[in-house]
Amino acid sequence: MATTSDVRKGTAIKINEKIYFIVEFQHVKPGKGNAFVRMKLKNIETGQVIDMTLKSGLNVDIVRVEKREVQYLYSDDDHSYFMDNKTYDQYSIDNDLVKHERLYLIEGYDVVGLFADEKFMGIELPFFVVLEVKETDTGIKGNTVQGGTKPAILTTGAKVNVPLFVNIGDNLKIDTRTGEYVERA
């Protein structure tokens, strides 16, 4: 069995027979008293996020997270559907659990699927994706001293601030971690 010193952000742990994904992790060593670990945990079944504080060195049950390449198929009102690229097994996940990730997904796109105890628990996006601009205002050249920005809506529905020279139909490289424009692709 592992201790709290073995866990990090991104680790999956089992508490009261429920699997949680560590979203935030902080080891605190106050000047007086014992060290402790402060964590923000996300329940992989319900998506509920809870805060938990444990004494440093306490035993925890770490769940092995396996990563497999999956393909995004489609979404309906409640779930998003993915397919394992090797076994062709299909998995569904509640849209609330992948709300942020869906802003950067196009049907047929390959992503990394996260599995804990053979249960599909979420996806990991690449750092950068290329998406097309669906809506934006026309930029007027020379109306700013420095490089200005304007809002744009991408084909997935994501809203991004882009430079004035970007037009409808342009393909843009977007950082999925921050949701910011990087460059034209």
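Reference entry: report on the structure contained in this document. On a predicted model such as this, the values are computed, not experimentally measured, just so you know.

## A few points about the side chain of Thr176
Part 1 of the reasoning: By the secondary structure assignment, Thr176 is in the loop between strand S15 (171–175) and strand S16 (180–184).
Part 2 of the reasoning: Residue Thr176 is classed as buried on the basis of its relative accessible area, which comes to 4%.
Part 3 of the reasoning: For Thr176, the contacting residues outside a window of four places in its chain are His100, Tyr104, Leu125, Pro126, Phe127, Phe128 and Val129.

## Re a negative patch on the surface
Part 1 of the reasoning: Taken together, the side chains of Asp76, Asp77, Asp78, Asp94 and Asp96 define an acidic patch exposed on the protein surface.
Part 2 of the reasoning: Inspection of the secondary structure assignment puts Asp96 in the loop between strand S9 (90–94) and helix H1 (99–102).
Part 3 of the reasoning: On the basis of relative accessibility, which here comes to 55%, the residue Asp96 falls in the exposed class.

## Regarding the pairing of strand S2 (residues 12–15)
Part 1 of the reasoning: Of the strand pairs in this sheet, S2 and strand S3 (residues 18–28) are connected by 4 bridges, and their pairing is antiparallel. Bridging across to S3, Ala12 finds its partner in Phe21.

## Quick look at the sheet that holds strand S6 (residues 59–63)
Part 1 of the reasoning: Taken in spatial order, the 6 strands line up as S1-S6-S2-S3-S4-S5 in an open sheet, and their pairing is antiparallel. Looking at the sheet topology across the chains shown, the edges are occupied by strand S1 (2–3) and strand S5 (49–55).

## A look at the packing of aromatic side chains
Part 1 of the reasoning: In the structure shown here, the tally under the stated rule is 6 aromatic pairs.
Part 2 of the reasoning: Relative to Phe120, the ring of Phe115 has its centre 5.2 Å away and its plane inclined at 50 degrees; by these criteria the two rings are tilted.
Part 3 of the reasoning: Note on Phe115: relative accessible area 1%, which makes it buried.
Part 4 of the reasoning: The class of Phe120 is buried, set by a relative accessible area of 9%.
Part 5 of the reasoning: Ring-pair connections join several aromatic residues into one group, and the members of that group are Tyr72, Phe82, Tyr91, Phe115 and Phe120.
Part 6 of the reasoning: One residue, Lys173, lies across the ring of Phe128, its end atom 4.8 Å from the ring centre.

Calculation notes
Residues numbered from 1 in each chain as written. Predicted model: local features only at pLDDT ≥ 70, side-chain atom pairs only at ≥ 80, totals over all residues. Heavy atoms only, no water. Helix = DSSP H or I, 4+ residues; strand = E, 2+ residues; numbered from the N terminus. Buried < 20%, exposed > 50% of the residue type's maximum accessible area, 1.4 Å probe, protein only. Contact = heavy atoms within 4.5 Å. Patch = residues over 30% accessible without salt bridge, like charges linked within 9 Å, V, L, I, M, F, W, Y side chains within 5 Å. Areas by Shrake-Rupley, 256 points an atom, 1.4 Å probe, with all protein chains shown as cover. Salt bridge = Lys/Arg side-chain N within 4 Å of Asp/Glu carboxyl O. Lys, Arg positive; Asp, Glu negative; His and termini not counted. Charge placed at Lys NZ, Arg CZ, Asp CG, Glu CD. Pairing = 2+ DSSP bridges. Phe/Tyr/Trp six-rings, centres within 6.5 Å; stacked < 30°, edge-to-face > 60°. Lys NZ or Arg CZ within 6 Å of the ring centre and 35° of its normal.

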